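Per-entry structural report
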Amino acid sequence: MSVPESRYRVQGMKCGGCIAKATDALSKLPGYVAAEFDLKTGTAVVKGDVNPQAVAQALTDAGYPARPVA
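Structure report, in brief. (Residues numbered from 1 in each chain as written. Predicted model: local features only at pLDDT ≥ 70, side-chain atom pairs only at ≥ 80, totals over all residues. Heavy atoms only, no water.)

What to know about the environment of leucine 26
Note on placement: leucine 26 falls in helix 1 (residues 16–27). C-alpha separation for the pair leucine 26 and alanine 58, spaced 32 residues apart in sequence, amounts to 6.3 Å. Among all residues touching leucine 26, those that are not within four sequence positions of it are Tyr32, Ala35, Phe37, Val46, Val55, Ala58 and Leu59. (Helix = DSSP H or I, 4+ residues; strand = E, 2+ residues; numbered from the N terminus. Contact = heavy atoms within 4.5 Å.)

Quick notes on the nonpolar core
Within soluble globular proteins, side chains that are nonpolar tend to cluster in buried spots. The biggest cluster of nonpolar side chains holds 19 residues, and the ones touching the most others in it are Val10, Leu26, Val55 and Leu59. Within the residue set of this core, elements represented by two or more residues are strand 1 (5–10), helix 1, strand 2 (32–38), strand 3 (43–48) and helix 2 (52–61). The element best represented in this core is helix 1, accounting for 4 residues. Other than its neighbours up to four places away in sequence, valine 10 contacts Gly42, Ala44, Leu59, Tyr64, Pro65 and Ala66. (Core = buried A, V, L, I, M, F, W, Y, C linked by side-chain atoms within 4.5 Å. Buried < 20%, exposed > 50% of the residue type's maximum accessible area, 1.4 Å probe, protein only.)

Considering helix 1
Relative to the 16 Å expected for 12 residues at 1.5 Å per residue, helix 1 spans 16 Å between its end C-alpha atoms, a close match to the ideal helical length. Here the buried face of helix 1 lies against strand 2, strand 3 and helix 2. (Expected span 1.5 Å × (residues − 1).)

Some thoughts on the pattern of salt bridges
Enumeration according to the criterion identifies 4 salt bridges in this entry. Between arginine 7 and glutamate 5 there is a salt bridge, with the nearest N and O atoms lying 3.9 Å from each other. Bridged by salt links that share partners, the residues Glu5, Arg7, Glu36 and Lys47 form one connected network. (Salt bridge = Lys/Arg side-chain N within 4 Å of Asp/Glu carboxyl O.)

Details of the sheet that holds strand 2
Strands sit in the order 2-3-1-4 across an open sheet of 4 strands; the sheet is antiparallel. Where the open sheet ends on each side, the last strands, each with one partner, are strand 2 and strand 4 (66–69). This sheet shows a mean twist of 30° between the axes of neighbouring strands, independent of strand direction. Along the sheet face, helix 1 touches strand 2 and strand 3 and points at about 155° away from the line of strand 2. Along the sheet, helix 2 contacts strand 1, strand 2, strand 3 and strand 4; its crossing angle with strand 4, the most-contacted strand, is approximately 150°. (Pairing = 2+ DSSP bridges. Axes fitted to C-alpha atoms, helices over the stretch in contact; angles between N-to-C directions.)

Structure follows, in structure tokens:
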């Protein structure tokens, strides 16, 4: 069985420290499995059965404004 994925546009992430902070924020969400961030394109792929709005809010609260993308 494959793990669901959702994609996000994320602003303000510039380094590995940003990735660590964002990953820590996401790890607290129910259903979270993993995340991959692309600093060049400002995108994230979040794996797990998570609420997209909760992911966007967690990233925004961590200092990285985010929104789901189709």
